[in-house]
Amino acid sequence: MKKILLVITALMITFGAKAQVESHVRWSYAAKKISATEAVVLIKATIDQGWHIYSQNVADGGPVKTSFTFTPSKEYALVGKTAEPKPISKYEKVFSMNVGYFENSVVFQQKVKLKSTKAAAVKGKLEFMTCNDQKCLPPDEVEFSIPLGK
């Protein structure tokens, strides 16, 4: 009986871990200085074929929109809002509304004003939701630290 319980427990752990691993978006980061006091942080999502993530500008009642939370710092200040290219817009029955989303890849950009010549990295987290034509995965959060370079 102990062996059966052990096998069942092992299977539950294996399948539970496998369910948490499903991910269809890879994030990459870069920064480029545009002057001695300004830089642009680039946050790129590479999305698997058939999947998409949502725009930052989704109305209430829709899917979880992509959002960015930057950690406050004495080294830099955000300039404006995080920019994104024009999304694909489509009516989605599940949400009974038009929603904006991105397929394949998208680059978000955040301009920062450097308050210090020692500014090391822009830190924060992003939240997003990935869907395809059949299902949506639970929203996910990713922490980031983007070196600003010299």
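Residues numbered from 1 in each chain as written. Predicted model: local features only at pLDDT ≥ 70, side-chain atom pairs only at ≥ 80, totals over all residues. Heavy atoms only, no water.

A. Spotlight on the sheet that holds strand β11 (residues 140-147). The strand order across the open sheet built from three strands is β4-β9-β11, with neighbouring strands paired in antiparallel fashion. Strands at the two margins of the open sheet, each flanked by one partner only, are β4 (67-70) and β11. Averaged over all pairs of adjacent strands, the angle between their axes in this sheet comes to 25 degrees, without regard to strand direction. Where strand β9 (residues 121-128) lies against β11, eight bridges are found, and the strand directions are antiparallel. Bridging from a neighbouring strand, Phe-128 pairs with Asp-140 of β11. (Pairing = 2+ DSSP bridges. Helix = DSSP H or I, 4+ residues; strand = E, 2+ residues; numbered from the N terminus. Axes fitted to C-alpha atoms, helices over the stretch in contact; angles between N-to-C directions.)

B. Molecular detail of the side chain of Ser-55. With respect to the helices, strands and loops of the structure, Ser-55 is situated in the loop between β3 (52-54) and β4. Within polar-contact distance, the side chain of Ser-55 engages the side chain of Glu-84 at 2.5 Å. (Polar contact = N/O pair within 3.5 Å; in protein donor to acceptor, adjacent residues only side chain to side chain.)

C. Summary view of the pairing of strand β2 (residues 38-47). Of the strand pairs in this sheet, strand β1 (residues 25-33) and β2 are connected by nine bridges, and their pairing is antiparallel. Within the sheet, the bridge partner assigned to Val-25 lies in β2 and is Ile-47. Here β1 folds back onto β2 in antiparallel fashion, the turn holding four residues.

D. Focus on the state of the cysteines. By the definition in use, this model includes one disulfide. Residue pairing for Cys-131: its cysteine sulfur links by disulfide to Cys-136, the two sulfurs lying 2.0 Å apart. Handedness here is read from the sign of the S-S torsion; for Cys-131 and Cys-136, about 110 degrees, the answer is right-handed. (Disulfide = S-S within 2.5 Å.)

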